[in-house]
Amino acid sequence: MFRRRCSFRIFLLFLIIFGVLFWLQQMFRSSTRGDSSKMESHVLAVLIPFRDRFSELMILVPHLHRFLTNQKLTFTLNIINQNDSLRFNRASLINAGYLLTKDRADYIAMHDVDLLPLNPNLDYGYPEGDVYHISSPQLHPKYKYKKYIGGILLVTRIIFEKVNGMSNKYWGWGLEDDEFYQRLKEVGVEVNRPGSEIKTDRNDTFLHIHSSFRKRDYNKYFNQKEVSRKRDRDTGLSNIRFELTSTSQLVIDGFPCQVFNVKLFCDYNLTPWCDTAFATKNRTRKTL
């Protein structure tokens, strides 16, 4: 009789344990169902706006490929090459690059072609806080102002679409990142940056390889200077106009990247400064 009672208790205990384990398993499945971040790895699309910077590109692609591979990330390197006669438009190229790669990645890195990460602790992983500025003002070798978010910026797909991408009004060099900062602030997104884990400083965290002989397009035409200082509520990801003229695979020292040749279109009524020839012909040029 005693043995029967013991056997029954052991059997009952086994049923209880089995039931608890089964419940925990179902809870885990329920918590991860529909959450792709817990079921598969994240994919990074590095977007590199580009035009006539082959010497820098030859250095960046092998270096960045090794750097990201060491961090065990799933990534693609995407060169968004502006293939038209208009002035360079970094923000529009990023918008175009995003649309061309969004189905294969869940976050992007806006990445200058002339900025190389050196410190292995610079984290290119998925930004849990939605936006992560790798080349922070405390670490960038040149730009130090608090609101600076240029150079290398990680943004989730959700946030990039929420703020309607970047402005398409910035033809020529500069200020498109400052406008993007305002978009992030308007929707309450905090820009996170590296912290105490980075033991290097602005002298040895990055290598800035911009050639001094390569002149930047600082010219301001018509009322471009005034417009560039304002929050753009007219343009963005939703109305970027471009044509993908061709694509190609490029391999540099054994390291692959994808090249998207893009032709941008300009609304001359909205941004007549997009075309140097047009602006010069109308003789209403302003310079900084």
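Small disclaimer: the values here were computed from a predicted structure and weren't measured. (Residues numbered from 1 in each chain as written. Predicted model: local features only at pLDDT ≥ 70, side-chain atom pairs only at ≥ 80, totals over all residues. Heavy atoms only, no water.)

Draft legend 1. Layout of the sheet that holds strand β10 (residues 255-264). One open sheet accounts for seven strands, arranged β5-β6-β3-β1-β2-β10-β9; its pairing is mixed. Whereas interior strands pair on both sides, the edge strands pair on one side only; in this sheet they are β5 (131-133) and β9 (242-252). Pairwise comparison of adjacent strand axes, ignoring direction, gives a mean angle of 20° for this sheet. Inspection of the sheet shows β9 paired to β10 by ten bridges, in the antiparallel sense. (Pairing = 2+ DSSP bridges. Helix = DSSP H or I, 4+ residues; strand = E, 2+ residues; numbered from the N terminus. Axes fitted to C-alpha atoms, helices over the stretch in contact; angles between N-to-C directions.)

Draft legend 2. Broad picture of the state of the cysteines. All chains considered together, the criterion is met by one disulfide. Each sulfur of the disulfide joining Cys266 and Cys274 lies 2.0 Å from the other. The sign of the S-S torsion, about -95°, decides the handedness of the disulfide formed by Cys266 and Cys274: left-handed. Given a relative accessible area of 0%, Cys274 falls into the buried group. (Disulfide = S-S within 2.5 Å. Buried < 20%, exposed > 50% of the residue type's maximum accessible area, 1.4 Å probe, protein only.)

Draft legend 3. Representation of the pattern of salt bridges. Counting across every chain of the model gives 16 salt bridges. Close ionic contact of Asp217 with Arg87 constitutes a salt bridge, the shortest N to O distance being 2.7 Å. Placement of Asp217 in the loop between β7 (206-208) and β8 (220-221) and of Arg87 in the loop between β2 (74-82) and α4 (90-101) is noted, with a sequence separation of 130 residues between them. For Asp217, a relative accessible area of 25% puts it in the partly exposed group. Its salt-bridge partner being Asp234, residue Lys169 comes within 2.9 Å of it at the nearest N-O pair. Note that Lys169 is positioned in the loop between α5 (157-162) and α6 (176-186) and Asp234 in the loop between α7 (224-228) and β9, a separation of 65 residues in sequence. A relative accessible area of 10% places Lys169 in the buried class. One network of salt bridges, with partners in common, ties together Lys169, Glu179, Arg183, Glu186, Arg231, Asp232, Arg233 and Asp234. (Salt bridge = Lys/Arg side-chain N within 4 Å of Asp/Glu carboxyl O.)

Draft legend 4. Spotlight on α4. Taking 1.5 Å per residue, twelve residues should reach 16 Å; α4 reaches 16 Å between its end C-alpha atoms and fits that length. The element α4 is extensively covered by neighbouring structure, given that eleven of its twelve residues are classed as buried. Buried within α4 are the following residues: Arg90, Ala91, Ser92, Leu93, Ile94, Asn95, Ala96, Gly97, Tyr98, Leu100 and Thr101. For α4, the capping residue at the N-terminal end is Asn89, with a side-chain oxygen 3.4 Å from the backbone nitrogen of Ala91. (Expected span 1.5 Å × (residues − 1). Polar contact = N/O pair within 3.5 Å; in protein donor to acceptor, adjacent residues only side chain to side chain.)

Draft legend 5. Summary view of the side chain of His140. Here His140 shows up in the loop between β5 and β6 (152-156). Given a relative accessible area of 2%, His140 falls into the buried group. Among residues more than four places away in sequence, those in contact with His140 are Leu115, Ser135, Tyr148, Arg202 and Phe206. (Contact = heavy atoms within 4.5 Å.)

Draft legend 6. Layout of the packing of aromatic side chains. Taken as a whole and assessed by the stated rule, the structure comprises eleven aromatic pairs. Plain terms: the ring middles of Tyr143 and Trp173 are 6.5 Å apart, the flat faces sit at 35° to each other, and that makes the pair tilted. Placement of Tyr143 in the loop between β5 and β6 and of Trp173 in the loop between α5 and α6 is noted, with a sequence separation of 30 residues between them. Trp173 sits in the partly exposed class, given a relative accessible area of 33%. Judged by centre distance (5.1 Å) and plane angle (70°), the ring pair of Tyr268 and Phe278 falls under edge-to-face. Of this pair, Tyr268 sits in the loop between β10 and α8 (276-281) while Phe278 sits in helix α8; the two residues are ten residues apart in sequence, bridging distant segments of the chain. (Phe/Tyr/Trp six-rings, centres within 6.5 Å; stacked < 30°, edge-to-face > 60°.)

Any functional reading would require information that these geometric values do not contain.
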